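The primary structure of each chain is shown beneath.
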Amino acid sequence: MGYDAEYDFDTAVDRRGSWSVQWDGVADRFGVDGLLPFTISDMDFRCPPEVLTALHERIDHGVFGYTDWRLGEFRDAVRDWYATRFDTRIDTGRIVYGPSVLNQLSQLLRMWTGEGDGVVVHTPTYDGFTKAVSGLRRELRGCPVDDDAELERLLARPDSKVLLLCSPHNPTGRVWTHDELTRFAALAERYGTAVICDEIHADFVHDGHRHLPWTRYGRGRWALITSGSKAFNFPALTGSYGMIGDPDDRAEYLTRMETAEGLASPAVLSLTAHIAAYRHGAAWLDAVRAYTAANLSVLAERLNTAFPELGWAPPQAGYLAWIDLRALGIDSAALQRQLIEVEKVAIMPGSVYRAEGFVRLNVGCPRSKAVAGADALVRAVRAVRP
């Protein structure tokens, strides 16, 4: 699989000393500084040049007063992106704004649930969901991704108030099909459950698969929450947006954000970056997606050559490799010690996502780093395998 040579993804950018969570904050999670990190889901690549140009122009303007996301091009850029990227027509009147996807999630959970209510999620589960739900004193109710019977059993509980979807799914990288999304919508409608669908990984669906926005399936009470920050690699600019189906829910959300949360004025550079990415960043996105897909293929070759019994296949979406090592009978704690103390790399353990025996490895990076991570994992597994 090739990628556009116009964009240089091979040259490493030194991120140390930039207050990077992945690079400078590695000791906070792994207890050791200086590890080569393959952890939090941001990429080691510079933003698209088209985005950087727009940011420079906005900075050169020199005035950073209060802004309103409803003015200017932002909503039209979102509308046009969905039309061209996902062949989906959206109503710009449904769009809302927030500082982050997880902030939007927390606000919606406050609106639609009370303390002790159940929030149903697929397992393994993105740790941000776990923190948000437990932090609000709601009960996280996990259902394996392939267990429809358990999903229905959980949704049928009267106090299960929200189905929290991740589409595509993090950490597995699974892309939900039309039939699956239709089934989720029907179950939510049957049991009167609201649906919150996090689609922040939607732009990173790989060839052979197709992302279908929740706007096509939402019935009753629902919200889609997302951001361009994941695909175009500018999460530190903050900023996210969503779509809420019911007008009254939408009005309540906006009132809460502008009054109780005091978030009437968004970060102007986030608006600038989103508009530039959606207007001019498609070629860069296609190129970086192809490049990271090739990184995943390298990882698959290394893993399956060393451990054929794994039969590991790259994810359907994203640059996060979700690797099931259970067939090898490895002690997860021993593997982490080997990775940290001997290989000097930081790779996320599956326990973070409520799944023992797995690891999650971020290959959103130059090829040389991806190869180093793959080889370090293979060596560590060999060292601790019974």
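Above this note sits the structure.
What counts as what
- Residues numbered from 1 in each chain as written.
- Predicted model: local features only at pLDDT ≥ 70, side-chain atom pairs only at ≥ 80, totals over all residues.
- Heavy atoms only, no water.
- Helix = DSSP H or I, 4+ residues; strand = E, 2+ residues; numbered from the N terminus.
- Buried < 20%, exposed > 50% of the residue type's maximum accessible area, 1.4 Å probe, protein only.
- Contact = heavy atoms within 4.5 Å.
- Areas by Shrake-Rupley, 256 points an atom, 1.4 Å probe, with all protein chains shown as cover.
- Lys, Arg positive; Asp, Glu negative; His and termini not counted.
- Charge placed at Lys NZ, Arg CZ, Asp CG, Glu CD.
- Axes fitted to C-alpha atoms, helices over the stretch in contact; angles between N-to-C directions.
- Parallel < 35°, antiparallel > 145°, perpendicular 65-115°, else oblique.
- Left-handed = near helix turned anticlockwise from the far one by under 90°.
- Nonpolar A, V, L, I, M, F, W, Y, C, P; charged D, E, K, R; others polar.
- Phe/Tyr/Trp six-rings, centres within 6.5 Å; stacked < 30°, edge-to-face > 60°.
- Lys NZ or Arg CZ within 6 Å of the ring centre and 35° of its normal.
- Pairing = 2+ DSSP bridges.
- Arc of directions from axis to C-beta.
- Salt bridge = Lys/Arg side-chain N within 4 Å of Asp/Glu carboxyl O.
- Expected span 1.5 Å × (residues − 1).

*Asks:* Can you walk me through the overall build of the protein chain in this structure?
*Replies:* Tallying secondary structure elements over the protein chain gives 13 helices and eleven strands in all. Considered along the principal axes of its C-alpha atoms, the protein chain spans approximately 60 × 55 × 40 Å. Across the 386 residues that make up the protein chain, the buried fraction comes to 56%. Long-range pairs, those at least 24 residues apart, make up 76% of the contacts in the protein chain between residues at least 6 apart in sequence. On the protein chain, roughly 16,200 Å² of surface is accessible, and the fraction owed to carbon and sulfur atoms is 50%. Of the side chains in the protein chain, 42 bear a positive and 51 a negative charge, and the two mean positions are spaced by 3 Å.

*Asks:* Can you walk me through the packing of helix α12 (residues 332-343) against helix α13 (residues 367-384) in this structure?
*Replies:* Packed helix pairs are specified by the crossing angle of their axes together with the interaxial distance, meaning the distance between the axes. Here α12 crosses α13 at 125 degrees, and the two axes come no closer than 9 Å. It follows that α12 is oblique to α13 by the angle criterion. Crossing of α12 against α13: the hand is right-handed. For the pair α12 and α13, the contacting residues are Ala-334, Leu-335, Gln-338, Leu-339 and Glu-343 in the first and Ala-376, Leu-377, Arg-379, Ala-380, Val-381, Ala-383 and Val-384 in the second. Of the residues belonging to the contact of α12 with α13, the class tally is nine nonpolar, one polar and two charged.

*Asks:* What exactly am I supposed to notice about the environment of Ala-372 here?
*Replies:* Mapped onto the elements of the fold, Ala-372 is located in helix α13. For Ala-372, a relative accessible area of 30% corresponds to the partly exposed category. With 73 residues separating them along the chain, Ala-372 and Leu-299 place their C-alpha atoms 9.9 Å apart.

*Asks:* Where do I start with the packing of aromatic side chains in this structure?
*Replies:* For any pair of aromatic rings, the description consists of the separation of the ring centres together with the inter-plane angle of the planes. Under the definition given, this model contains 20 aromatic pairs. Note on Phe-45 and Tyr-291: the rings are 5.7 Å apart at their centroids and 85 degrees apart in plane angle, and the pair reads as edge-to-face. Of this pair, Phe-45 sits in the loop between β1 (36-38) and α2 (49-61) while Tyr-291 sits in helix α11 (residues 282-306), and the two are 246 residues apart along the sequence. Assigned by exposure class, Phe-45 and Tyr-291 land together as buried. On the numbers, 5.1 Å between centres and 85 degrees between planes, the contact of Trp-176 with Phe-184 is edge-to-face. Both residues of the pair, Trp-176 and Phe-184, count as buried. Ring-pair connections join several aromatic residues into one group, and the members of that group are Tyr-7, Phe-9, Phe-45, Trp-69, Phe-74, Trp-81, Tyr-97, Phe-232, Tyr-241, Tyr-278, Trp-284 and Tyr-291. Arg-367 extends its terminal NZ or CZ atom over the ring of Tyr-291, reaching a point 4.3 Å from the ring centre.

*Asks:* What exactly am I supposed to notice about the environment of Cys-197 here?
*Replies:* Position of Cys-197 relative to the elements: it lies in strand β6 (residues 194-198). On the basis of relative accessibility, which here comes to 0%, the residue Cys-197 falls in the buried class. Each C-alpha atom, one on Cys-197 and one on Ser-167, is 6.7 Å from the other, the two residues being 30 residues apart in sequence.

*Asks:* Honestly, the sheet that holds strand β9 (residues 320-324) in this entry has me stumped. Any pointers?
*Replies:* Within a sheet, each strand pairs with its neighbour through backbone hydrogen bonds, oriented either parallel or antiparallel. Read across the sheet, four strands follow the order β1-β10-β11-β9 without closing on themselves; strand pairing throughout is mixed. Bordering the open sheet on either side are β1 and β9, each of which pairs with just one other strand. Averaged over all pairs of adjacent strands, the angle between strand axes in this sheet comes to 35 degrees, irrespective of strand direction. Sheet topology note: the strand β10 (residues 345-349)/strand β11 (residues 358-362) ladder contains two bridges and is antiparallel. Paired with Met-348 across the strands is Arg-360, a residue of β11. This element, α12, spans β10 and β11 of the sheet and lies at about 165 degrees to β10.

*Asks:* Would you mind showing me how to read the pairing of strand β2 (residues 95-98) here?
*Replies:* Residues Ile-95 and Tyr-97 of β2 are buried on one face, and the alternating residues Val-96 and Gly-98, pointing to the opposite face, are buried as well. Examined bridge by bridge, β2 and strand β8 (residues 240-244) share four bridges and lie antiparallel to one another. Directly across from Gly-98, in β8, lies its bridge partner Ser-240.

*Asks:* I tried to follow helix α6 (residues 148-155) on my own but got confused; where do I start?
*Replies:* Given 3.6 residues per turn, any residue in an α-helix points the same way as the ones three and four places further on. Those residues of α6 lying buried are Glu-150, Leu-151, Leu-154 and Leu-155. Taken down its axis, α6 places every buried residue within 135 degrees of arc, on the same side.

*Asks:* What is the right way to look at the pattern of salt bridges in this model?
*Replies:* Once the charged atoms of two side chains with opposite charge are near each other, the side chains can pair. Within this structure, the stated rule accounts for 31 salt bridges. Note that Glu-152 and Arg-190 form a salt bridge whose closest N and O atoms lie 2.8 Å from each other. Highlighted residues: Glu-152 in helix α6 and Arg-190 in helix α7 (residues 178-191), separated in sequence by 38 residues. A residue is classified by how much of its surface remains accessible, and Arg-190, at 53% relative accessible area, is exposed. Taking the shortest distance from any N to any O, the salt bridge between Arg-326 and Asp-324 comes out at 2.8 Å. Arg-326 sits in the exposed class, given a relative accessible area of 51%. The class of Asp-324 is partly exposed, set by a relative accessible area of 29%.

*Asks:* Looking at this structure, how should I read helix α3 (residues 74-85)?
*Replies:* Look at α3: 16 Å from first C-alpha to last across twelve residues, which is about the 16 Å you get at 1.5 Å a residue. Within α3, the full set of buried residues consists of Phe-74, Ala-77, Val-78, Trp-81 and Tyr-82. Looking down the long axis of α3, one finds its buried residues gathered within 130 degrees of arc, a one-sided arrangement. In the core, the buried residues of α3 are packed alongside β2, β7 (222-226), α8 (229-232), β8, α10 (268-280) and α11. Looking one or two places after α3, you find Asp-87, whose phi comes out positive at around 50 degrees.

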